[in-house]
Amino acid sequence: MKTIAVHHSTGAYSIYVGENILGEALTTVLADASYDRVFLVSDSNVYALWGGHFRAEFAKTGRILAGEHVFEAGERSKTLATVSDMYAAFQRASLTRKS
């Protein structure tokens, strides 16, 4: 797995790149104790392909997934209503800025 560090005026974050890295990437990200909860957001196409694999790898970490929000894939979902639905799901899961 290759890590690309991105630095900007208000902070920094990492991008993880590689083949078959989901388990390793999850372990790396979850090692950061600043995250209090993890919530999965995906479109329906990606979720159909990778949702089960993500849940299986996530279960190996011993953490509890706070929730999932899957929206329809495609241009029609790129709306403020979709964003509103996503934020409502975040609120129901009691996510915080540390999530």
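As the structure is a prediction and not an experimental result, all values here were calculated from the model.

Please give an account of the confidence of the model for the chain that cites residues and values.
Per-residue confidence for the chain gives a mean pLDDT of 90; residues scoring 70 or more make up 99%. Predicted confidence in the chain is weakest over helix 1 (residues 22–30), with a mean pLDDT of 81, and strongest over helix 3 (residues 80–92), with 97.

Let's hear about the packing of aromatic side chains: which residues, and what values?
The final tally for this structure, using the stated rule, is three aromatic pairs. Between the aromatic rings of Phe54 and Phe58, the centroid separation amounts to 5.8 Å while the plane-to-plane angle is 20°, which identifies the pairing as stacked. Of this pair, Phe54 and Phe58 are both found in helix 2 (residues 44–59), four residues apart, which corresponds to roughly one turn of the helix. Across the pair, Phe58 and Phe54 agree in class, each one buried. Joined through ring pairs, the aromatic side chains of Phe39, Tyr87 and Phe90 make up one cluster.

Explain helix 3 residue by residue, including any values.
The terminal C-alpha atoms of helix 3 lie 18 Å apart, and with 13 residues this matches the ideal 18 Å at 1.5 Å per residue to within 8%. One or two steps after helix 3, the chain reaches Ser94, where phi turns positive at roughly 55°.

Describe in detail the pattern of salt bridges, supporting the description with residues and values.
If you walk through the whole model with that rule in mind, you get three salt bridges. With a shortest N-O distance of 3.9 Å, Arg55 and Glu68 are connected by a salt bridge. Of this pair, Arg55 sits in helix 2 while Glu68 sits in strand 4 (residues 65–71), and the two are 13 residues apart along the sequence.

Rules behind the numbers
- Residues numbered from 1 in each chain as written.
- Predicted model: local features only at pLDDT ≥ 70, side-chain atom pairs only at ≥ 80, totals over all residues.
- Heavy atoms only, no water.
- pLDDT = per-residue confidence, 0-100.
- Helix = DSSP H or I, 4+ residues; strand = E, 2+ residues; numbered from the N terminus.
- Phe/Tyr/Trp six-rings, centres within 6.5 Å; stacked < 30°, edge-to-face > 60°.
- Buried < 20%, exposed > 50% of the residue type's maximum accessible area, 1.4 Å probe, protein only.
- Expected span 1.5 Å × (residues − 1).
- Salt bridge = Lys/Arg side-chain N within 4 Å of Asp/Glu carboxyl O.

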